[in-house]
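Residues per chain are reported as follows:
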Amino acid sequence: MAVLRGTLKNFLTVTIDEGGLSRLSWRDLGDGLSMARLAREGARELVLYRIAAGAAPDVFRAHEHIG
């Protein structure tokens, strides 16, 4: 099976709205990790994680999404 590799940098631009980030409802998970829910539909949700500067490298632990 062939694997296609490439970059989206010529097609995609990401701009962070710091004001928008500050308006989110952040839940402090401890150890420098916070989470905000961006959207939810039924049992599915889109979340954003924020890792504080100086947090341990493993603060965002490996996990599985089943289903």
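Here we summarise the structure given alongside this text.

How each quantity is defined
Counting of residues starts from 1 at the beginning of each chain's written sequence and follows it residue by residue. Reporting of local features is limited, given that this is a predicted model, to residues whose pLDDT is at least 70; pairs of side-chain atoms are given and counted only at 80 or more, and all residues count toward the totals for whole chains, interfaces and linings. Excluding hydrogens and water, the side-chain figures rest on all heavy atoms present in the structure. If DSSP finds at least two bridges between two strands, the strands pair. Comment: elements are numbered from the N terminus, with helices defined as DSSP H or I runs of at least four residues and strands as E runs of at least two. The definition of a polar contact used here is a pair of N or O atoms within 3.5 Å, where within protein one atom must be able to donate a hydrogen and the other to accept one, and adjacent residues in sequence count solely through side-chain atom pairs. Salt bridge, as applied in this entry: a Lys or Arg side-chain nitrogen positioned within 4 Å of an Asp or Glu carboxyl oxygen. For each residue, the accessible area found with a 1.4 Å probe, counting protein chains only, is set against the maximum for its type, and the residue is called buried under 20%, exposed over 50%, and partly exposed in between. A fitted line through C-alpha atoms represents every axis, and for helices the fit uses only the stretch in contact; the resulting angles, taken between N-to-C directions, go from 0 to 180 degrees.

### So, the pairing of strand E2 (residues 33–41)
- Here strand E1 (residues 27–30) pairs with E2 via 3 bridges, running antiparallel. Bridging from a neighbouring strand, Gly 30 pairs with Leu 33 of E2.
- Taking the residues between adjacent antiparallel strands as the criterion, E1 and E2 are bridged by 2 residues, where Asp 31 takes a positive phi near 60 degrees.
- Note that E2 and strand E3 (residues 44–51) share 8 bridges and pair antiparallel. Bridge assignment links Met 35 to a residue of E3, and that residue is Tyr 49.
- Here E2 hands over to E3 after 2 residues, with Gly 42 in that stretch at a positive phi of 60 degrees.

### Some details on the environment of Trp 26
- Along the chain, Trp 26 falls in the loop between helix H1 (18–23) and E1.
- Sequence separation between Trp 26 and Pro 57 is 31 residues; the distance between their C-alpha atoms is 20 Å.
- A distance of 2.8 Å separates a polar atom in the side chain of Trp 26 from the backbone oxygen of Leu 21.

### Looking at the pattern of salt bridges
- All told, the structure shown has 4 salt bridges when counted by the stated rule.
- A salt bridge links Glu 45 to Arg 40; its shortest N-O distance comes to 2.9 Å.
- By relative accessible area, Glu 45 is classed as partly exposed at 36%.
- Judged by its relative accessible area of 58%, Arg 40 is exposed.
- A salt bridge links Glu 41 to Arg 44; its shortest N-O distance comes to 2.7 Å.

### Some remarks on the sheet that holds E2
- Ordered by their spatial adjacency, 3 strands build an open sheet running E1-E2-E3, and the pairing between neighbours is antiparallel. Only two strands of the sheet have a single partner each, and these edge strands are E1 and E3. With direction set aside, neighbouring strand axes in the sheet form an average angle of 35 degrees.

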